[in-house]
Amino acid sequence: TQLLEQSPQFLSIQEGENLTVYCNSSSVFSSLQWYRQEPGEGPVLLVTVVTGGEVKKLKRLTFQFGDARKDSSLHITAAQPGDTGLYLCAGDRAQKLVFGQGTRLTINP
Amino acid sequence: GAVVSQHPSWVICKSGTSVKIECRSLDFQATTMFWYRQFPKQSLMLMATSNEGSKATYEQGVEKDKFLINHASLTLSTLTVTSAHPEDSSFYICSASSIQGLYGYTFGSGTRLTVV
């Protein structure tokens, strides 16, 4: 059983469209992080959300942490080909970071 | 910012041999280091957690005698894949967290292991 359910696992859309990736769990996390990973490299941190209901923005990316700190979402506005990559959510629980399945995002020009 | 250096970035070895992967925190003291494994097109799976000076804690299903972890100092952890087999071929990634979580979790750049 996956502790963090990430969806969709694959998403291919056209440049300029908006998208949302979801990360859900039945467990409460002290914090939740979003990473982006390029092939052959380690994940790079995009954002950490800590407070229930928190919303953080990073240019065209908007991250939200659920009120109960069990789920999170990543919304990308006006997606660009440069957004293509693997996006991973990860929850901090008992001082360990566990990852969702990842979302492989492809933005077509 | 916090930097974690992982070495080597790729390695090819013959079946039956052992391979050591190093993970160093360059500008901070890492009280805890984590080792992950990632198969192609999949997410990261936590293998083990190691605290400086103590034995590693392995996740369920991970063979501790096959994946030897040493965390002898606050800046270095090593993962040794013993008697490697082709099914051990994977992308191994380390992560480090600092005292009081000051720098959160910082990831190395990964090691691509291919066992032939």
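Residues numbered from 1 in each chain as written. Chains lettered and ligands numbered in written order. Predicted model: local features only at pLDDT ≥ 70, side-chain atom pairs only at ≥ 80, totals over all residues. Heavy atoms only, no water.

**Student:** How would you explain the packing of aromatic side chains if you had to name every residue and give the values?
**Tutor:** Counting across every chain of the model gives eight aromatic pairs over all chains. On the basis of an interplanar angle of 80° and a centroid distance of 5.2 Å, the ring pair of Tyr35(A) and Phe107(B) is categorised as edge-to-face. With Tyr35(A) in strand 4 (residues 31-37) and Phe107(B) in strand 10 (residues 105-107), the pair connects residues from two separate chains. Both residues of the pair, Tyr35(A) and Phe107(B), count as buried. An angle of 70° between the planes, with centres 5.8 Å apart, marks the rings of Phe99(A) and Phe107(B) as edge-to-face. Remark: Phe107(B) occurs in strand 10 and Phe99(A) occurs in strand 10 (residues 96-99); the pair is interchain, linking two chains. Comparing Phe99(A) with Phe107(B) shows no difference in burial state: the two are buried. One aromatic cluster in this structure is built from Tyr35(A), Phe99(A), Tyr36(B) and Phe107(B). (Phe/Tyr/Trp six-rings, centres within 6.5 Å; stacked < 30°, edge-to-face > 60°. Helix = DSSP H or I, 4+ residues; strand = E, 2+ residues; numbered from the N terminus. Buried < 20%, exposed > 50% of the residue type's maximum accessible area, 1.4 Å probe, protein only.)

**Student:** If you had to explain unusual backbone geometry to someone new, which residues and values would you point to?
**Tutor:** Residue Pro8(A) is reached from Ser7(A) by a cis peptide bond, and omega for that bond is -10°. Residue placement: Pro8(A) occurs in the loop between strand 1 (5-7) and strand 2 (10-14). Cis geometry is found at the peptide bond from His7(B) to Pro8(B), where omega equals 0°. Summarising the element assignment, Pro8(B) is placed in the loop between strand 1 (4-7) and strand 2 (10-13).

**Student:** So what's going on with a nonpolar patch on the surface? Residues and values would help.
**Tutor:** All names here are of chain B. A cluster of nonpolar residues, Trp10, Ile12 and Val116, forms a patch on the protein surface that exposes about 360 Å² of accessible area. Note that Ile12 resides in strand 2. According to the relative accessible area criterion, Ile12 is exposed, its value standing at 54%. (Patch = residues over 30% accessible without salt bridge, like charges linked within 9 Å, V, L, I, M, F, W, Y side chains within 5 Å. Areas by Shrake-Rupley, 256 points an atom, 1.4 Å probe, with all protein chains shown as cover. Salt bridge = Lys/Arg side-chain N within 4 Å of Asp/Glu carboxyl O.)

**Student:** Can you explain the pairing of strand 6 (residues 55-58) of chain A? Please cite residues and give values.
**Tutor:** Bridge count between strand 6 of chain A and strand 7 (residues 61-65) of chain A: four bridges; the pairing is antiparallel. The partner of Lys57(A) across the bridge, within strand 7 of chain A, is Thr62(A). (Pairing = 2+ DSSP bridges.)

**Student:** Give me the lowdown on the environment of Leu3(A), citing residues and values where you can.
**Tutor:** Residues and elements named next belong to chain A. In this fold, Leu3 is placed in the segment before strand 1. Put simply, Leu3 and Ala90 are 87 residues apart on the chain and 9.8 Å apart in space, counted from C-alpha to C-alpha. When near neighbours in sequence (up to four residues on either side) are disregarded, Leu3 contacts Asn24, Ser25, Ser27, Phe29, Arg93 and Val98. (Contact = heavy atoms within 4.5 Å.)

**Student:** Outline the pattern of salt bridges, listing residues and values.
**Tutor:** Residues and elements named next belong to chain A. Applying the stated criterion across every chain, the model contains six salt bridges over all chains. A salt bridge links Arg36 to Glu38; its shortest N-O distance comes to 2.8 Å. Residue Glu38 is classed as partly exposed on the basis of its relative accessible area of 29%. Between Lys56 and Glu54 there is a salt bridge, and its shortest N-O distance comes to 3.7 Å. Residue class for Lys56 comes out partly exposed when judged on its relative accessible area of 32%. Under the relative-accessibility criterion, Glu54 is labelled buried at 18%.

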